[in-house]
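Here is how the chains run, residue by residue.
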Amino acid sequence: DPSFVILATAASVEAIFLSTFVLISQNQTAAAADARADLDLQVSLLAEHETTRLLRLVVAIADHLGIDAASDHELDELQLDVAPEKVMDHMEATAADDTI
């Protein structure tokens, strides 16, 4: 029956358009998620930098007051700034290892 051929063709064309719209929507959602992830990383790095500065100030106050807890070796490591470039390099290397 020729009417079924026309109906099948119309359904196929509708499926093509529908899948195209779904893929476009998914791409936009993925782009928004990537932007949020980048912003989250920037905020986290800024918070890390601020925490490091606060820790340095607390250690300086403890040294000034003569408190011995400021000579802890963990504090020396925590006072080091995090380099965003190294974080990004590590993330890219980890992502490359995951794809293998």
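The structure displayed is predicted, hence computed values, not measured ones.

1. A look at the overall build of the chain
Then, in step 1: Looking only at helices and strands, one finds three helices and zero strands in the chain.
Then, in step 2: The N-to-C order of helical and strand elements in the chain reads α-α-α.
Then, in step 3: Relative to the globule expectation of 13 Å for 100 residues, the C-alpha radius of gyration of the chain, 27 Å, shows a markedly less compact shape.
Then, in step 4: Dimensions of the chain, computed from C-alpha atoms along their principal axes, come out at roughly 95 × 25 × 20 Å.
Then, in step 5: Taking all 100 residues of the chain together, the buried fraction comes to 7%.
Then, in step 6: As displayed, the chain offers around 8,400 Å² of accessible surface, 65% of which is attributable to carbon and sulfur atoms.

2. What about the confidence of the model for the chain?
Then, in step 1: Per-residue pLDDT for the chain has a mean of 86; in total, 96% of the residues score no lower than 70.
Then, in step 2: Considering each helix and strand of the chain separately, the mean pLDDT is smallest for helix α2 (residues 73-78), with a value of 77, and largest for helix α1 (residues 2-65), with 91.

3. Topic: α1
Then, in step 1: Here α1 spans 94 Å end to end across 64 residues, near enough to the 94 Å set by a 1.5 Å rise per residue.
Then, in step 2: Every buried residue of α1 is listed here: Thr 52, Leu 55, Val 59 and Ala 62.
Then, in step 3: Of the surrounding secondary structure, the elements contacted by the buried residues of α1 are α2.
Then, in step 4: Gly 66 lies just past α1 and shows a positive phi near 80°.

4. Details of a negative patch on the surface
Then, in step 1: Taken together, the side chains of Asp 72, Glu 74, Asp 76 and Glu 77 present a region of like negative charge at the surface.
Then, in step 2: Take Glu 74: its relative accessible area is 55%, and that puts it in the exposed class.

5. Focus on a nonpolar patch on the surface
Then, in step 1: Where nonpolar side chains cluster on the molecular surface, the patch consists of Val 13, Phe 17, Phe 21 and Ile 24 and spans about 400 Å² of accessible area.
Then, in step 2: Relative to the elements of secondary structure, Ile 24 occurs in helix α1.

6. Some remarks on the environment of Gln 79
Then, in step 1: Considering the arrangement of structural elements, one finds Gln 79 in the loop between α2 and α3 (84-99).
Then, in step 2: Look past the residues within four positions of Gln 79 in its chain and what remains in contact with it is Thr 52, Leu 55, Arg 56 and Val 59.

7. Things to note about the environment of Asp 1
Then, in step 1: As for its position among the elements, Asp 1 is in the segment before α1.
Then, in step 2: With relative accessibility at 64%, the residue Asp 1 sits in the exposed group.
Then, in step 3: Along the sequence, Asp 1 and Thr 94 sit 93 residues apart, while their C-alpha atoms lie 58 Å from each other.

Cut-off values and rules
Residues numbered from 1 in each chain as written. Predicted model: local features only at pLDDT ≥ 70, side-chain atom pairs only at ≥ 80, totals over all residues. Heavy atoms only, no water. Helix = DSSP H or I, 4+ residues; strand = E, 2+ residues; numbered from the N terminus. Rg over C-alpha atoms; globule rule 2.2 N^0.38 Å. Buried < 20%, exposed > 50% of the residue type's maximum accessible area, 1.4 Å probe, protein only. Areas by Shrake-Rupley, 256 points an atom, 1.4 Å probe, with all protein chains shown as cover. pLDDT = per-residue confidence, 0-100. Expected span 1.5 Å × (residues − 1). Contact = heavy atoms within 4.5 Å. Patch = residues over 30% accessible without salt bridge, like charges linked within 9 Å, V, L, I, M, F, W, Y side chains within 5 Å. Salt bridge = Lys/Arg side-chain N within 4 Å of Asp/Glu carboxyl O. Lys, Arg positive; Asp, Glu negative; His and termini not counted. Charge placed at Lys NZ, Arg CZ, Asp CG, Glu CD.

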